[in-house]
Amino acid sequence: QVRLVESGGGLVQAGGSLRLSCAASGRTFSTYTMGWFRQAPGKERQFVAAITWNGGITDYSDSVKGRFTISRENAKTTVYLRMNSLKPEDTAVYYCAADTSGAYSAAEPSAYHYWGQGTQVTVSS
């Protein structure tokens, strides 16, 4: 069982920045693919970013590419999402997720076995 706890969300003005953190339990965190997804009211859950077990490969949705950066610290069993140049359309609940299979499916929600409870990000115009 893997427990994921997100933090760092909040209210920010357009153009501002936030850094989300996701602390994971589990002694084999360093083997997990980790992802960030988001869900706005009335919309489906959307892929944001993913990172392989060693950080060697990262992927981003087109809507956040160049503005968001995913990273991880395996020694701290934590994954981060640095969000710069935030826009009102980035407003959503942000979820981190863990794929413990050893594969890398990046944007596919069904590939992830564990999910956090989410953290709200609100960007005002």
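Here, the structure is the one placed above.
Criteria and cut-off values
Residues numbered from 1 in each chain as written. Predicted model: local features only at pLDDT ≥ 70, side-chain atom pairs only at ≥ 80, totals over all residues. Heavy atoms only, no water. Pairing = 2+ DSSP bridges. Helix = DSSP H or I, 4+ residues; strand = E, 2+ residues; numbered from the N terminus. Axes fitted to C-alpha atoms, helices over the stretch in contact; angles between N-to-C directions. Disulfide = S-S within 2.5 Å. Buried < 20%, exposed > 50% of the residue type's maximum accessible area, 1.4 Å probe, protein only. Core = buried A, V, L, I, M, F, W, Y, C linked by side-chain atoms within 4.5 Å. Contact = heavy atoms within 4.5 Å. Salt bridge = Lys/Arg side-chain N within 4 Å of Asp/Glu carboxyl O. Phe/Tyr/Trp six-rings, centres within 6.5 Å; stacked < 30°, edge-to-face > 60°. Lys NZ or Arg CZ within 6 Å of the ring centre and 35° of its normal.

**Q** An account of the sheet that holds strand β7 (residues 68-73) is requested, with residue identities and associated values reported.
**A** With antiparallel pairing, the four strands of this open sheet are ordered in space as β1-β3-β8-β7. Whereas interior strands pair on both sides, the edge strands pair on one side only; in this sheet they are β1 (4-7) and β7. Within this sheet the neighbouring strands show an average axis-to-axis angle of 15°, counted without direction. In the sheet, β1 pairs with strand β3 (residues 18-24) via four bridges, with the strands oriented antiparallel. The residue of β3 that forms the bridge with Glu6 is Cys22.

**Q** Pulling in residues and values, what's your account of the state of the cysteines?
**A** One pass over the full model with this rule turns up one disulfide. Paired by a disulfide, Cys22 and Cys96 hold their sulfur atoms 1.9 Å apart. On the sign convention where negative means left-handed, the S-S torsion of about 40° between Cys22 and Cys96 marks this disulfide as right-handed. Here the residue Cys22 occupies a position in strand β3, and Cys96 occupies one in strand β9 (residues 92-99), the gap between them amounting to 74 residues. Each member of the pair, Cys22 as well as Cys96, carries the same accessibility label: buried.

**Q** Quick one: what's the story with unusual backbone geometry, residue by residue and with numbers?
**A** Not every positive phi belongs to a glycine, and Thr77 is a case in point at roughly 45°. Of the residues examined, Thr77 reaches a relative accessible area of 23% and is grouped as partly exposed.

**Q** Before we move on, can you summarise the nonpolar core with the specific residues and values?
**A** Residues Met34, Trp36, Leu81, Met83 and Tyr94 are the most contacted members of the largest nonpolar core, which totals 28 residues. Those elements that place two or more of their residues in this core are β3, β4 (33-39), β5 (46-51), β7, β8 (78-83), β9 and β11 (119-124). If near-sequence neighbours (up to four positions away) are discounted, Tyr94 is found in contact with Glu6, Leu20, Trp36, Phe37, Arg38, Val48, Phe68, Leu81, Met83, Gly118, Thr119 and Val121. By size, the runner-up hydrophobic cluster in this structure holds seven residues, among which are Phe37, Ala50, Ala106 and Ala111.

**Q** Pulling in residues and values, what's your account of the pattern of salt bridges?
**A** Per the counting criterion, the structure on display carries four salt bridges. Between Lys76 and Glu73 there is a salt bridge whose closest N-O contact spans 3.9 Å. Given the relative accessible area of 33%, Glu73 is considered partly exposed. Bridged by salt links that share partners, the residues Arg38, Arg67 and Asp90 form one connected network.

**Q** Describe in detail the packing of aromatic side chains, supporting the description with residues and values.
**A** Counted under the stated rule, the structure contains five aromatic pairs. Measuring from ring centre to ring centre gives 5.7 Å for Phe37 and Phe47, while their planes differ by 70°; the resulting arrangement is edge-to-face. Here Phe37 is found in strand β4, whereas its partner Phe47 is found in strand β5, with ten residues between them in sequence. Taking the relative accessible area as the measure of exposure, Phe37 reaches 0% and is therefore buried. Considering the side-chain rings of Phe37 and Trp115, the 5.0 Å spacing of their centres and the 55° angle between planes classify their relative orientation as tilted. One end of the pair, Phe37, is in strand β4; the other, Trp115, is in strand β10 (residues 114-115), and 78 residues separate them in sequence. Judged by its relative accessible area of 27%, Trp115 is partly exposed. An aromatic cluster is defined as three or more aromatic residues linked by ring pairs; in this entry it consists of Phe37, Phe47, Tyr112 and Trp115. Over the aromatic face of Tyr95 sits the side chain of Arg45, whose NZ or CZ is 4.0 Å from the ring centroid.

The values reported here are purely geometric and, on their own, carry no functional implication.
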